[in-house]
Structure formats: C-alpha cells, structure tokens
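Chain by chain, the residues:
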Amino acid sequence: MQTEIVTKDQTKFVLQPNLKDYEALYKNFDWKNVHNEIEWFDNGELNAAYNAVDRHAKNHNKNKVALIYEAANGKIDKYTYLDLKHMTNKFANVLKKLGIVKGERVFLFLPRIPAVYASFLGTLKVGAIASTLFSAFGEEALLDRLGNSKAKAVVTTPDLKQRIDKIKDKLPDLTYIILVNNEPIQKIEGQSAMPITIDYNEEMKEASKEFEIEKTHPEDHAFLLYTSGSTGKSKGVVHAHMAVLQQHYTHKLIHDIHPEDIYWCTADHGWVTGISYGILGPLSNGATVLLYEGRFDPEGWYSALERHEVTLWYTAPTAIRMLMKAGEEITKKYNLSHLRHIYSVGEPLNPEGIRWGLKVFNLPFHDTWWQTETGSMLISNYPCMPIKLGSMGKPFPGIVAAVVDDTGQELPTNTEGHLAIKPGWPSMLRTLWGDEERYKKLFNNGWYITGDRARKDEDGYFWYIGRADDVIKTSGERVGPFEVESVLVEHPAIAEAGVIGKPDELRGEIIKAFVALRAGYTPNPELEEDIKKFVKQHLAAHAYPREIAFVDKLPKTRSGKIMRRLLRARELGLPEGDISTLED
Ligand code: PRX
C-alpha cells in the first residue's frame with residue numbers, strides 16, 4: 001500500500017498511507033476525536049484562515065513553499081507559508097482600513113492568481129464572509145449574486161471590472177472595488193461616486209504585515225458560495241469556519257497528503273472544489289499547492305504535471321475525457337512518474353476513464369462525491385480500498401449516507417432512490433443566504449436530501465444514477481435551467497424558453513434550449529448565434545445553450561410551468577410519463 005516519491009535530486013521517500021483500514025476507522029469514528037487535527041484558539045474559537053496559514057508560518061513549515069504559481073505566460077513564482085501569512089495579513093489590514101467588519105461580504109471576481117489566496121484568506125482573518133464568482137460570469141449572474149448577498153466589496157481585475165461597471169448602479173451596497181492591476185491605477189481626485197476604486201497593489205504595499213486575527217467562533221460564517229438549483233435564482237450556500245476541520249481531515253485521508261507531496265487541484269476557485277481543496281484543505285495540511293493560471297490544454301497540463309513533479313492530482317471527468325481524446329501518444333512525451341494518486345470529482349466518472357488512468361499513468365482515478373452544500377468530500381474511493389469501477393465509493397468516516405424514498409424512508413440495498421446524508425457533519429451548509437425557508441426544504445424526515453439519485457450495493461458502495469431535479473452539469477459546472485431560461489426570455493426575439501441538460505459524450509451534458517419566437521421573428525442561423533452570444537454575455541460564457549431548437553410552443557402545466565421533464569423525455573426518446581397536468 002505504500003508509495004514512493006523520488007525527487008529531482010534522486011532523494012527517495014517511502015510513504016505510508018494516512019488511512020490504512022477504512023472499515024476500522026469508520027466503525028469507531030467520532031468527529032470530536034479529531035478536533036485537534038486543527039488548531040483552536042483559547043475558549044474554543046476557530047478561524048479557518050489561521051489554520052490554513054498562520055499555524056504553519058510559526059512552525060517548521062515557515063519557509064516551506066505553500067504556493068507554486070505558474071502564470072498564464074509561463075512565469076513561475078513561489079510563496080512560502082511565511083509569505084502567505086504576510087500577504088493575508090496585509091489584505092486583512094486593507095479591509096480593516098476600509099472599515100469592513102465581521103459578517104460583511106467580500107467577493108473575489110478574479111482569474112487564478114495569487115491575489116485569490118491573499119484576499120480569500122485575508123477576508124476570513126477579519127471575520128468577514130468571503131465569496132467567489134467564476135470569471136466566466138456575465139452581468140445577470142453577477143447582479144444576482146452581488147445583489148442577493150448585499151456585497152460590500154469586490155476584488156477584481158481591470159478586465160473583469162468592466163462587467164461590474166455595467167451593473168454597479170443596481171448595487172447600492174457595493175462600496176469598494178479593489179482592483180488588482182499590474183499598472184498603478186490612476187488616482188481619481190475627489191472620487192465620490194460609489195463604488196470607490198481601491199488600488200490593491202498600492203494598498204498592499206503600504207499595509208502592515210502584522211494583523212490580529214478575529215477570534216471567530218466555529219459556527220461563524222466564513223464563506224458563501226452561490227450555486228444553482230432546478231428552480232429559481234442561484235442560492236447562496238453558507239459555510240462556517242468549522243468546515244476547515246473536515247476539509248483538512250478528508251484531504252489528509254482521501255488525498256493522502258504528505259509533507260513531500262506536490263498537490264494540484266485543477267478546479268477554479270469560482271467553484272467549491274477550488275475553495276475546499278484548492279485553498280483550505282491542502283493549506284491546512286501544510287501542503288505545497290500548484291496554482292496553474294492557464295486554460296485547459298492537454299500538452300500544457302502534462303507539462304505542468306512534469307515540470308512541478310506533481311504527486312497528487314485532483315481533477316474532473318470532462319477534463320479526463322478531453323485528455324483521453326487527445327490520445328495516449330502525447331502522454332509519452334512527458335515524465336509523469338511522480339504521480340502517486342489521481343482523483344476525480346464533479347460528475348460521474350466512467351469506468352473507461354479509470355481504465356485509461358491505469359493505462360497511461362499506471363494509476364486509477366479515485367472518484368469522490370460531494371457538493372457545494374456538503375463543503376467537503378462525503379463519499380469516496382480511498383487509496384486503501386478496492387475500487388468498483390463506476391461506483392462513487394463509500395461514505396467518509398463520520399458520514400451516514402443512505403438511499404431514501406420520497407418520504408425519507410430508507411430503501412433496501414440495490415434500490416434506486418434519493419441519496420441522503422444524516423445532518424451534522426462539520427462542513428455542512430449552515431443556511432442559504434437570506435432564505436431559511438428554502439434551506440429547511442433541503443431536509444426530509446431527518447435526512448439532508450442531496451438532489452442526486454443513487455443506489456447502495458450489498459458491500460456498502462454507492463452508485464450514482466442521476467439528478468433527481470433539473471440541475472444541469474456541463475463540463476462539471478453546475479447550471480440552473482431557470483437562470484438560463486430567464487436570460488433567454490430577455491432576448492428580444494424570444495417569447496418563451498425551456499432548458500434541459502442533454503447527455504454529451506465529452507461534456508457529460510450540454511445545455512439545450514427550446515425557444516418559441518415572438519411574432520415577426522423567424523428561425524435562422526444568425527439568430528441562433530445571436531441568442532448564444534446573448535446568453536454568454538448576460539449569464540456566463542460556460543452556461544450558454546450549445547443547441548437551440550425553435551418550437552412553436554412549449555409544453556406547460558395548466559398552471560403555466562414549463563415541463564422540462566417532458567422536453568427531456570421527448571429529446572431522448574424516453575417514455576413521456578405522467579402528462580395529466582399538461583396544458584392541453
Ligand atoms: O450531481 C452531483 C454531481 O455534482 C453535484 C454537485 O455539484 P457542485 O455543487 O457544483 O459541486 C461539485 C464539486 C463538489 C452533485 O449533486 N457530482 C459531484 N461529484 C460527483 C457527482 N456526480 C457523480 N459522481 C461524482 N463523483
């Protein structure tokens with residue numbers, strides 16, 4: 001079970017796995033017994049950023065590289081834990097100077113650059129709530145999220161700021177735009193218009209590198225991530241500082257992090273994986289993390305794996321399928337022998353992906369299942385446990401998972417139903433921002449209902465079946481059909497729209513829109529392109545419909561709700577099911 005690392009200077013490390021016996025640990029597990037895996041302040045206070053940075057900056061890890069940043073132009077910078085401590089302290093001081101206090105929301109709308117680490121963790125240090133926005137978001141998506149949370153500040157770049165500028169008048173609470181720029185920004189004399197633009201680099205230069213961290217309570221809100229459901233606008237999933245305990249411990253046991261490892265999580269910080277396993281989990285373990293700014297590109301990724309001697313690699317099925325498509329030959333150009341374990345998350349991992357991993361890396365991809373709402377990995381294939389190809393694995397110690405029916409009753413083995421989790425795990429969402437009612441609806445008969453359908457087999461392995469709702473997963477990114485439909489009907493040509501996820505070999509699903517045009521418009525290729533462009537600009541570059549079907553009218557219930565289920569069944573040639581509520 002042990003694995004080896006051989007470094008550039010030929011030093012050899014033989015590593016024993018952090019988790020040797022899954023069943024034994026699961027049987028007797030209690031979260032209380034692992035509380036001192038992380039560091040608490042006196043009086044039981046806890047701050048996730050202190051755990052990620054400061055506790056390493058005061059011990060033997062002080063001069064250890066925390067972050068290897070490879071910029072899009074290939075430039076490489078390294079930051080030690082002490083550097084990170086100073087950067088995050090400086091950012092905390094910048095916020096303090098602006099008068100931002102505990103509980104206020106600070107958003108990051110940034111590409112994958114070190115300022116993400118400084119601002120996310122610096123925000124946590126003042127006790128404010130950090131949130132992130134995927135850099136592909138357009139105006140409507142930004143307005144929903146910044147407006148709903150009443151954001152006080154946004155950290156962004158000049159390029160991305162242009163999208164904020166278009167909506168800032170509709171955001172009365174947005175007071176500061178903190179601009180990360182290579183060039184000093186022009187001082188605007190007597191600047192009075194809101195929001196006020198602050199020069200990140202200038203302020204960081206001037207700020208003190210000492211900061212007294214806010215002694216937050218484990219239940220204090222730390223970060224807020226917007227995600228999509230099947231109905232309504234995006235919802236703000238609220239996580240507490242306590243989440244860091246589970247992010248730390250799952251990263252240690254599932255990803256099997258060791259001091260000698262170089263770890264790369266390919267997810268963007270705009271999504272939960274980039275936060276929980278790009279920032280908090282690995283840093284809390286004192287790991288060395290690769291931050292790769294470039295876009296996906298097979299040769300670029302392989303050369304990054306080789307150049308940085310990555311040993312642990314956490315990625316997603318769409319990327320794996322794209323690498324498979326690029327072929328086996330190019331993998332031979334690179335030395336990928338440093339890899340020790342490889343992992344996948346976000347969408348179903350097909351057995352072919354695992355087989356391919358075995359063929360080209362001599363390693364299986366370990367699937368992990370979790371959600372924005374769960375904050376950490378809950379079901380996984382552990383390095384010490386046999387993999388059943390196509391299964392998500394088994395629940396993490398301390399997690400009780402089950403398959404339940406519509407009334408929340410547990411179903412027998414090998415029966416399809418709702419995947420459900422017993423509430424109370426440390427990184428569970430604490431509420432939905434400003435919508436306690438919607439939060440309560442996530443639970444049924446004492447279970448948290450995940451929205452996924454699954455079955456559990458006779459050995460306790462869980463098998464993913466699909467979503468129970470209309471949420472779309474395209475290239476692993478979660479998209480709410482309602483959000484896409486809302487933007488579509490804003491297009492001047494569109495009277496009504498229904499959106500579904502259509503299975504796709506490469507992307508898992510693509511977004512398909514059915515649109516009925518207003519009188520006077522006729523379908524044509526230019527209009528189709530214009531609609532796609534409209535959604536990219538207004539909602540997000542990743543959330544546009546790759547396919548559009550023009551229809552005369554959409555199937556609706558008598559109360560006027562678009563029947564996406566029926567659109568999907570018709571598209572896929574599946575039985576139409578109960579259509580008794582259909583309009584006519
Ligand atoms: O449907 C499941 C799918 O992704 C959803 C959660 O999406 P999100 O909140 O964006 O978080 C993704 C990264 C943690 C789940 O409800 N999903 C996640 N992991 C898997 C998966 N589907 C199948 N297999 C997985 N391993």
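> Is there a simple way to explain helix H2 (residues 48–57) in this structure?
The periodicity of an α-helix, 3.6 residues per turn, causes residues three or four positions apart to be oriented the same way. Where burial is concerned, most of H2 is hidden: 10 out of the 10 residues are buried. By the burial criterion, the buried members of H2 are Ala48, Ala49, Tyr50, Asn51, Ala52, Val53, Asp54, Arg55, His56 and Ala57. In this structure, the buried residues of H2 make contact with helix H3 (81–97), helix H4 (115–125), helix H8 (243–253) and helix H9 (272–284). Measuring from the backbone nitrogen of Ala49 back to the side-chain oxygen at the start of H2 gives 2.9 Å, which picks out Asn47 as the cap.

> Looking at this structure, how should I read the site of the ligand?
Near the ligand, the surroundings consist of 18 residues, among which Thr368, Thr372, Asp452, Arg467 and Arg478 are the closest. At 3.2 Å, a backbone N or O of Gly346 approaches a nitrogen atom of the ligand. In the environment of the ligand, a nitrogen atom lies 2.8 Å from a nitrogen or oxygen atom belonging to the backbone of Thr368. For the ligand, the protein covers 96% of the area, taking 550 Å² as the surface of the free molecule. Only H9, strand E16 (365–369) and strand E24 (462–467) provide two or more residues apiece to the shell around the ligand. Ranked by residue count, the leading element in the shell around the ligand is E16, at 3 residues. Residue composition of the shell around the ligand, by class: 7 nonpolar, 5 polar and 6 charged.

> Looking at this structure, how should I read the nonpolar core?
When a protein is soluble and globular, its nonpolar side chains tend to lie buried together. Core analysis: the biggest nonpolar cluster contains 105 residues, and Phe120, Leu280 and Leu283 have the highest contact counts within it. With residues up to four places along the chain from it excluded, the contact list for Leu280 reads Ala48, Ala52, Phe120, Leu121, Leu124, Phe223, Val244, Gln247 and Ile275.

> Got a minute to help me understand the side chain of Gln247 in this structure?
As for its placement among the helices and strands, Gln247 is situated in helix H8. Its relative accessible area of 0% is what places Gln247 among the buried residues. Here Gly375 takes part through its backbone oxygen, which lies 3.3 Å from a polar atom of the side chain of Gln247. In this structure Gln247 touches Phe223, Ser276, Tyr277, Leu280, Gly281, Gly375 and Ser376, once residues within four positions along its chain are discounted.

> Whenever I open this one, the sheet that holds strand E28 (residues 508–517) confuses me. Can you help?
The strands making up a sheet associate through hydrogen bonds between their backbones, and the pairing can be parallel or antiparallel. With mixed pairing, the 3 strands of this open sheet are ordered in space as E27-E28-E29. The two strands at the open ends of the sheet, each matched to only one other strand, are strand E27 (494–504) and strand E29 (547–551). Within the sheet, the average angular offset between the axes of one strand and its neighbour, ignoring direction, is 25°. Direction of pairing for E27 relative to E28: antiparallel, over a ladder of 10 bridges. Within E28, the residue paired with Gly498 across the bridge is Phe514. The strands touched by helix H16 (residues 564–572) within the sheet are E27, E28 and E29, with E27 carrying the most contacts at an inclination of about 55°.

> Looking at this structure, how should I read the domain arrangement of the protein chain?
Quoted interface sizes are often the accessible area lost when the parts come together. Looking at the protein chain, the domain boundaries give domain 1 (13–365) and domain 2 (472–572). Computed over C-alpha atoms, the centres of domain 1 and domain 2 are 32 Å apart. Across the boundary between the two partners, domain 1 contributes 26 residues, which contact 23 residues of domain 2. Summing both partners gives a buried area of about 1900 Å² for domain 1 against domain 2, and 51% of it is carried by carbon and sulfur. Linking domain 1 with domain 2 are 1 salt bridge, by the criterion used here. When the shortest N-O distance is used, the salt bridge between Arg145 and Glu483 registers 3.2 Å. Taken together, the connections running from domain 1 to domain 2 amount to 16 residue pairs in polar contact (both at pLDDT 80 or more). Ranked by residue count, the leading element in the side of domain 1 that touches domain 2 is helix H5 (residues 139–148), at 5 residues. The residue makeup of the side of domain 1 that touches domain 2, split by class, is 6 nonpolar, 10 polar and 10 charged.

Criteria and thresholds
Residues numbered from 1 in each chain as written. Predicted model: local features only at pLDDT ≥ 70, side-chain atom pairs only at ≥ 80, totals over all residues. Heavy atoms only, no water. Buried < 20%, exposed > 50% of the residue type's maximum accessible area, 1.4 Å probe, protein only. Helix = DSSP H or I, 4+ residues; strand = E, 2+ residues; numbered from the N terminus. Contact = heavy atoms within 4.5 Å. Polar contact = N/O pair within 3.5 Å; in protein donor to acceptor, adjacent residues only side chain to side chain. Near = heavy atom within 4 Å. Areas by Shrake-Rupley, 256 points an atom, 1.4 Å probe, with all protein chains shown as cover. Nonpolar A, V, L, I, M, F, W, Y, C, P; charged D, E, K, R; others polar. Core = buried A, V, L, I, M, F, W, Y, C linked by side-chain atoms within 4.5 Å. Pairing = 2+ DSSP bridges. Axes fitted to C-alpha atoms, helices over the stretch in contact; angles between N-to-C directions. Domains from an automatic or database assignment. Buried area = accessible area lost by both parts, 1.4 Å probe. Salt bridge = Lys/Arg side-chain N within 4 Å of Asp/Glu carboxyl O.

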